[in-house]
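Architecture and fold: a report
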Amino acid sequence: MPLDIVVVMDPIGSIKIVKDSTFAMLLEAQRRGHRLHYVVPGGLFLRDGVAHAHAAALTVQDDPRGWFELGRASHIELGRGHVVLMRTDPPVDASYLHDTQILGLAQRAGALVVNDPQGLRDMNEKLTALEFPQCCPPTLVSRDAAAIKAFIAEHGDAVLKTLDGMGGRSIFRARAGDPNTNVILETLTEGGRHLAMAQRYIPEITAGDKRILLVDGVAVDYCLARIPQGDEFRGNLAAGGRGEGRPLTDRDRWIAAQVGPEMKRRGMLFVGLDVIGDYLTEVNVTSPTCIRELDAQFGLNIAGQLFDAIESRLA
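Anyway, here's the lowdown on the structure attached to this text. Along each chain, residue indices are assigned from 1 in the same order as the chain's sequence is written. Restriction of local features to residues with pLDDT of at least 70 applies here, the model being predicted, together with a cutoff of 80 or more for giving and counting side-chain atom pairs; totals for whole chains, interfaces and linings are based on all residues. Remark: hydrogens and water are excluded; side-chain values derive from all non-hydrogen atoms of the structure.

On to the sheet that holds strand 9 (residues 157-162), then. Taken in spatial order, the 4 strands of this open sheet run 8-11-9-10, and their pairing is antiparallel. The outermost strands of the open sheet, each flanked by one partner alone, are strand 8 (139-142) and strand 10 (171-175). Pairwise comparison of adjacent strand axes, ignoring direction, gives a mean angle of 25 degrees for this sheet. If DSSP finds at least two bridges between two strands, the strands pair. Put simply, DSSP marks the helices as runs of H or I at least four residues long and the strands as runs of E at least two long, and each gets a number from the N terminus on. Pairing of strand 9 with strand 10 involves 5 bridges; the strand directions are antiparallel. Along strand 10, the bridge assignment pairs lysine 161 with isoleucine 171. Each axis is a line fitted through C-alpha atoms, taken for helices only over the stretch in contact, and angles between the N-to-C directions span 0 to 180 degrees.

As structure tokens, this is what we get:
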């Protein structure tokens, strides 16, 4: 039975289809005969307590010369029969949170929202990893510069980051005695007003920051290792890292088994775990990527697995 797939995403005209996971989902939905609706950026709204979207019919094709066509936008009421893919990139700011509240009302009216709006509000992608401390490296989250400096001194080498960055932005490496540490902490915490995260530096980053994808709580069999290049310590693809597909290790599978059931319970159907060496560092729930790269390298159809899960839930 055809479904109405409503996608909330960053502007479709500016995506890079060769690596855009949302685009992979749209191709798969269309292949299955589902109807696609593209929400005009900023197009979610409420009328008398009912969730609506200003959306246009969408068709897609896997062609970098022209990958989408839009019909005329109109207002649709969100509810039963709709699957809403919430796929905008961070920051998770006030506007993003308000959109999840609108989608919560759509969910209450019968729509299936992927991922669950409550989970999107609750799960900070850095802090959520710490719900599974058995999987994580030594970590401190604090506003206190002195406490963070003591953590760096204890471990000798640490990675420092904000709680709301993505793509490798605002990530620093600091060693004990580094004269730049004070200014780094002033920048990250804005003089003690905001929390920052410090994690013990994991030398295995040179072998890659692995992205493990979970579909309805179950790990895809392969991960994408984002390998730092040159003198860069960050593996993020947006920071110039090189992507290399690999089969999951036993430790990767153990981490996924620790995290996956809780993600499934909380309605997070598509999740990306970041793993360096033997340690979980982040749990990505807003707009996890790497479908296209893994599909291309291993002949997979990860979006197909996701829509199997979506259709199973609706059935």
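The discussion continues.
Note on definitions: salt bridges are taken to be side-chain nitrogens of Lys or Arg within 4 Å of carboxyl oxygens of Asp or Glu. For the structure shown, the criterion picks out 24 salt bridges. Between lysine 126 and glutamate 282 there is a salt bridge whose closest N-O contact spans 3.5 Å. In this pair, lysine 126 is assigned in the loop between helix 3 (117-122) and strand 8 and glutamate 282 in strand 17 (residues 279-284), connecting sequence segments 156 residues apart. Salt-bridge contacts for arginine 246 lead to glutamate 244; the nearest nitrogen and oxygen are separated by 3.1 Å. The exposure class of arginine 246 is partly exposed, given its relative accessible area of 23%. Any residue under 20% of the maximum accessible area for its type is buried, any over 50% is exposed, and the rest in between are partly exposed; the area is computed with a 1.4 Å probe on protein chains only.

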